[in-house]
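Reading the structure
As a plain string of letters, each chain reads:
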Amino acid sequence: LISTISNIFQRRVDAYIKGDVRYSKLSGHDIVIGANGLLEPALRHLQFSSENNCNRKPQKVLIVSSLDAESIRSRVNRIGIVDEKDIIIYRGNIYSQKFISELRIRQCRQVVIVGDVPIEECDLGNTNIADLLYETFHPQTNEPSKDGHASVGETNRPLPVFVSFYDDFYFNFLFFFSVI
């Protein structure tokens, strides 16, 4: 019995370390999609927006990436911008509609897309991720709502999405758009 309980606990810990644990009650969180060289500026942006938030409560930050969760966790700890207890890491294919739909987009505060590939190669991938977010936030249905409003549980609020792009002058910037 003790061995069985120990094995169950160890599997859960291993899943957490690998980024395979999903949280069903996550809300009010910020999302960073990707973990390339722009992870630090993205976390600084989120820290600044949390500090300017009226309630000044630290936000949970969900980092989603196809990269190794342990190395991401190590980088975040080295950066020291966000407290480790406020970081959640999901491992998966960031270019997959199914994976993007698991991120609880409707319950988050904002999204920053930085991508997983090197900064100078991420433009097309980041644009594709933004398209997936839009499709997730605005699913196409064959039946329009009867009253023209959002269905129960849906929201019409804008979702701030910051997308990193790379240009020929080696500048990186975050572009803001709202998914309405």
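Keep in mind that this is a model prediction, so the values were computed, not measured. (Residues numbered from 1 in each chain as written. Predicted model: local features only at pLDDT ≥ 70, side-chain atom pairs only at ≥ 80, totals over all residues. Heavy atoms only, no water.)

Here we look at the side chain of Ser 164
Operational definition: Secondary structure follows DSSP: runs of H or I at least 4 residues long count as helices, runs of E at least 2 residues long count as strands, and numbering of each begins at the N terminus. Think of it in three bands: with a 1.4 Å probe and only protein chains considered, a residue is buried below 20% of the maximum accessible area for its type, exposed above 50%, and partly exposed in between.
In this fold, Ser 164 is placed in strand 5 (residues 160–166). A residue is classified by how much of its surface remains accessible, and Ser 164, at 1% relative accessible area, is buried.

Let's talk about the confidence of the model for the chain
So the rule is basically this: The predictor reports its confidence for every residue as pLDDT, a score running from 0 up to 100. Contact definition: two residues touch when any of their heavy atoms are within 4.5 Å.
Across the chain, the average pLDDT comes to 76, with 76% of residues at or above 70. Here residues 141–154 is modelled with pLDDT under 50, and outside its nearest four sequence neighbours on either side it reaches three contacts, counting other chains as well.

Notes on the nonpolar core
We apply this condition: Among buried residues, those of type Ala, Val, Leu, Ile, Met, Phe, Trp, Tyr and Cys that are joined through side-chain atoms within 4.5 Å constitute a nonpolar core.
Of all hydrophobic cores here, the largest spans 23 residues; its most connected members are Ile 31, Ile 33, Val 64, Leu 103, Val 111 and Ile 113. Among the secondary structure elements, those contributing two or more residues to this core are strand 1 (30–33), strand 2 (61–65), strand 3 (87–91), helix 4 (97–101), strand 4 (110–113), helix 5 (123–137) and strand 5. No other element matches the five residues that helix 5 contributes to this core. Ignoring sequence-local partners within four residues, the contact set of Ile 33 consists of Val 64, Ile 94, Ile 100, Leu 103, Val 111, Val 112, Ile 113, Val 114, Gly 115, Ile 129 and Leu 133. Listed in part, the 20 residues of the second largest apolar core include Val 61, Ile 81, Ile 89 and Ile 119.

Let's talk about unusual backbone geometry
Phi angles above zero are rare outside glycine, and Arg 104 is one such case at about 60°. Following the sequence through the fold, Arg 104 ends up in the loop between helix 4 and strand 4.

Digging into helix 1 (residues 2–18)
Let me state the cut-off plainly: Helix span, expected: 1.5 Å multiplied by one less than the number of residues in the helix.
The end-to-end C-alpha distance of helix 1 is 24 Å, a good match for the 24 Å that 17 residues give at a rise of 1.5 Å each. Once helix 1 finishes, Gly 19 follows within two positions and takes phi at roughly 85°, a positive value.

Observations concerning helix 5
Because each turn of an α-helix spans 3.6 residues, side chains separated by three or four positions in sequence point in the same direction. Heads up, the rule is: Summarising the geometry, the arc corresponds to the directions from the helix axis toward the C-beta atoms.
Its 15 residues give helix 5 an end-to-end C-alpha distance of 21 Å, which sits within 8% of 21 Å, the value for a rise of 1.5 Å per residue. Residues of helix 5 that are buried include every one of Gly 125, Asn 126, Ile 129, Ala 130, Leu 132, Leu 133, Thr 136 and Phe 137, and no others. Down the axis of helix 5, the buried set is contained in an arc of 160°. They therefore lie on one face.

A word on the pairing of strand 4
Formally: Two strands are counted as paired when DSSP detects at least two bridges linking them.
Burial along strand 4 is two-sided: Gln 110 and Val 112 and Val 111 and Ile 113, pointing in opposite directions, are all buried. Sheet topology places strand 1 next to strand 4; four bridges connect them, and they run parallel. Its bridge partner lying in strand 4, Ile 31 is registered against Val 111. The pairing of strand 4 with strand 5 spans three bridges and is classified as parallel. Residue pairing for strand 5: Ile 113 is matched across the bridge by Val 163.

Observations concerning the pairing of strand 2
Put simply, the rule is: By convention, orient the strands away from the viewer: a clockwise path from the first strand over the helix to the second makes the crossover right-handed.
The buried fraction of strand 2 amounts to five of the five residues, a majority that puts the element mostly inside the structure. Of the two faces of strand 2, the one holding Val 61, Ile 63 and Ser 65 and the one holding Leu 62 and Val 64 are both buried throughout. With four bridges joining them, strand 1 and strand 2 adopt parallel strand pairing. Looking across to strand 2, one finds that Ile 33 is bridged to Val 64. Running through helix 3 (residues 69–79), the crossover from strand 2 to the neighbouring parallel element strand 3 is right-handed.

A few points about the pattern of salt bridges
This is how it is decided: Criterion for a salt bridge: a side-chain nitrogen of Lys or Arg within 4 Å of a carboxyl oxygen of Asp or Glu.
Tallied over the entire structure, the rule returns six salt bridges. Between Arg 109 and Asp 30 there is a salt bridge, and its shortest N-O distance comes to 2.9 Å. Of this pair, Arg 109 sits in the loop between helix 4 and strand 4 while Asp 30 sits in strand 1; the two residues are 79 residues apart in sequence, bridging distant segments of the chain. On the accessibility criterion, Arg 109 (24% relative accessible area) is partly exposed. A single salt-bridge network, built from bridges that share partners, covers Lys 60, Asp 83, Lys 85 and Asp 86.

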